Amino acid sequence: MPNVIITGAQWGDEGKGKIVDFLTETADVVVRGAGGNNAGHTVIQGGQKYVLHLIPSGILWKDKTCVIGNGVVMDPMGLNAEIDKLRGQNVIINEANLFISDRAHIVMPYHRGLDQRREILLAAKKIGTTGRGIGPAYADKIERRGFRFIDAGDTPVFRERLEERLDECNGLFTAVGLPKLEIAQVLDEVLPAIARLVPFRTNTSMIVHDAITAGKSLLFEGAQGTYLDIDHGTYPFVTSSNTTAGGAITGTGAALRKIDRVVGVCKAYTTRVGSGPFVTENDALGDRLHNMGREFGATTGRPRRCGWLDTVMVRYAGIINGLDDLAVTNLDGLDGVSEIQVCTAYTLDGERLTVPPATVDEMARCVPVYETLPGWNCDITAARKITDLPTNARAYLDRMTALTGLPISMIGVGPDREQTLVA
Ligand code: GDP
Ligand code: IMO
Ligand code: MG
């Protein structure tokens, strides 16, 4: 299998974890290059549910190498908790199958406080972050005052820099009524957590390079999605990293020219967690999906906002990521919807748009142009090949390809690994 980047084509939660898990069978190495434990990737295998936050979904397969790359921001307490939880589910995690970049930045307890503070100050305009400290950790990285994994440990320099930073943060916390963080408390929490992870620490760019040179197959597991990208997303209602395909390069040290394929994962409809404009939002569809027990956040448990498929977004995601093909998940979410709406363009102040506008104010004023397609009105979760799908479901997928310009390579008809059809 070639080297493949898997990226979200919408606002995250497209089912990347499930698609990565499915493709891992034929891969050797699975690498994360961006985001942190704001991500929540669900994999269901043989009825057992696993939720991955920082660890690549490939860990569920035996004998695969998993890498947390330099572009990830790593919460040491969160990662230890994730390792313990997965081990409790009999997943093997050790120094032979998990490697963490020595250059990855650490998410510190005060980053979570800063995240909270910012949301308090933004009040009604809040971003609706996951509260995991992701934005402040990336901000410190860019401001060149973060702690990389290699820099964090029980040394006088670390203690001194930490104390200075805590002093600054505590002033900000008390001003908005948040509790101060004491240095002793932070050290007690962070140092043992980091020490436990040191055996996994290495220069992961060399692991990636050596695997590529040896002709192994690499899968780059995206986190979040195109419209949460700090550059290309619905700014400022975005996360703080490059979630698009380029992040898989800068965030892992992989050579750009060694990538053979970029797959965009998208739902057959659209969801979003957190604030920000959502052109095709539809509460009736949301109620329907929530009543089926679906579309609750894997990280925060928040109900996801839901709406119709927006092909303006997916087509543009194809352009930005250079997508070769699409993996369409949750097609079964539309089972029983008799009339399915698909957004083909937007109108804004009388003008027709086929590319998302640059500002959220404009995006909020965009009116979707819909095309109505007939539903299939039956349960498709038992389908195992494309020809098992009803004609209207196949026509829906064909229309997606016509509107986005992207061929469909995989189709999800249920959450389980085996409910994935290869086109
Ligand atoms: P990720 O963050 O992109 O990995 O996606 P999440 O795991 O946050 O959310 C996707 C949700 O959809 C999870 O609950 C998956 O188990 C579920 N899922 C993925 N593909 C399918 C599918 O084809 N059908 C159904 N019913 N559920 C799916
Ligand atoms: P996966 O990898 C969906 C959203 C948050 C919020 C915004 C900023 O599971 O697809 P942050 O905590 O990153 O500063 O929050 O981004 N967000 C996600 N939404 N899936 C995710 O990850 C997300 N990670 C962040 O809800 O709107
Ligand atoms: Mg998710």
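Everything quoted here is computed from the prediction, not taken from an experiment.

Engineer: Please explain the overall build of the chain as it appears in this structure.
Structural biologist: When helices and strands are counted, the chain shows twelve helices and 20 strands. Computed over its C-alpha atoms, the radius of gyration of the chain comes to 21 Å, within 12% of the 22 Å expected for a compact globule of 423 residues. The proportion of buried residues among the 423 residues of the chain is 56%. Per element, the accessible surface of the chain, about 17,100 Å² overall, is 51% carbon and sulfur. Averaging the locations of the 44 positively and 50 negatively charged side chains of the chain gives two centres separated by 1 Å.

Engineer: How do you make sense of the site of ligand 2 when you look at a structure like this?
Structural biologist: Close to ligand 2 lie 20 residues; Asp13, Lys16, His41, Thr130 and Thr239 are nearest. Between ligand 2 and Gly40, the relevant distance is 2.9 Å, taken from an oxygen atom to a main-chain nitrogen or oxygen of the residue. One of the side-chain nitrogen or oxygen atoms of His41 is found 2.7 Å away from an oxygen atom of ligand 2. Protein contacts shield 98% of the accessible area of ligand 2, which totals 550 Å² for the unbound molecule.

Engineer: Which parts of the structure should I look at to understand the packing of aromatic side chains?
Structural biologist: Describing an aromatic ring pair means giving the distance of the ring centres and the angle of the ring planes. Counted according to the given criterion, the structure contains four aromatic pairs. Measuring from centroid to centroid gives 6.3 Å for Trp11 and Tyr227, while their planes differ by 65°, and the two rings are edge-to-face. Residue Trp11 is located in the loop between β1 (4-8) and α1 (16-24), and its partner Tyr227 is located in the loop between β10 (218-221) and α8 (247-250); the two are separated by 216 residues in the primary sequence. Judged by its relative accessible area of 2%, Tyr227 is buried. In textbook terms, an aromatic cluster arises when at least three aromatic residues are bridged by ring pairs, as seen for Trp11, Tyr227 and Phe278.

Engineer: Looking at this model, I keep getting lost on a negative patch on the surface. Mind explaining?
Structural biologist: Together, Glu160, Glu163, Glu164 and Asp167 make up a negatively charged patch on the protein surface. Overall, Glu160 belongs to the exposed group, its relative accessible area being 51%.

Engineer: Where do I start with the state of the cysteines in this structure?
Structural biologist: Among covalent bonds in proteins, the disulfide is the one between the sulfur atoms of two cysteines. Going through the model one piece at a time under the given rule, you end up with zero disulfides. Unpaired in terms of disulfides, Cys366 finds its nearest cysteine sulfur in Cys343, a separation of 8.8 Å. Owing to a relative accessible area of 7%, Cys366 belongs among the buried residues under this scheme.

What counts, and where the lines are drawn
Residues numbered from 1 in each chain as written. Chains lettered and ligands numbered in written order. Predicted model: local features only at pLDDT ≥ 70, side-chain atom pairs only at ≥ 80, totals over all residues. Heavy atoms only, no water. Helix = DSSP H or I, 4+ residues; strand = E, 2+ residues; numbered from the N terminus. Rg over C-alpha atoms; globule rule 2.2 N^0.38 Å. Buried < 20%, exposed > 50% of the residue type's maximum accessible area, 1.4 Å probe, protein only. Areas by Shrake-Rupley, 256 points an atom, 1.4 Å probe, with all protein chains shown as cover. Lys, Arg positive; Asp, Glu negative; His and termini not counted. Charge placed at Lys NZ, Arg CZ, Asp CG, Glu CD. Near = heavy atom within 4 Å. Polar contact = N/O pair within 3.5 Å; in protein donor to acceptor, adjacent residues only side chain to side chain. Phe/Tyr/Trp six-rings, centres within 6.5 Å; stacked < 30°, edge-to-face > 60°. Patch = residues over 30% accessible without salt bridge, like charges linked within 9 Å, V, L, I, M, F, W, Y side chains within 5 Å. Salt bridge = Lys/Arg side-chain N within 4 Å of Asp/Glu carboxyl O. Disulfide = S-S within 2.5 Å.

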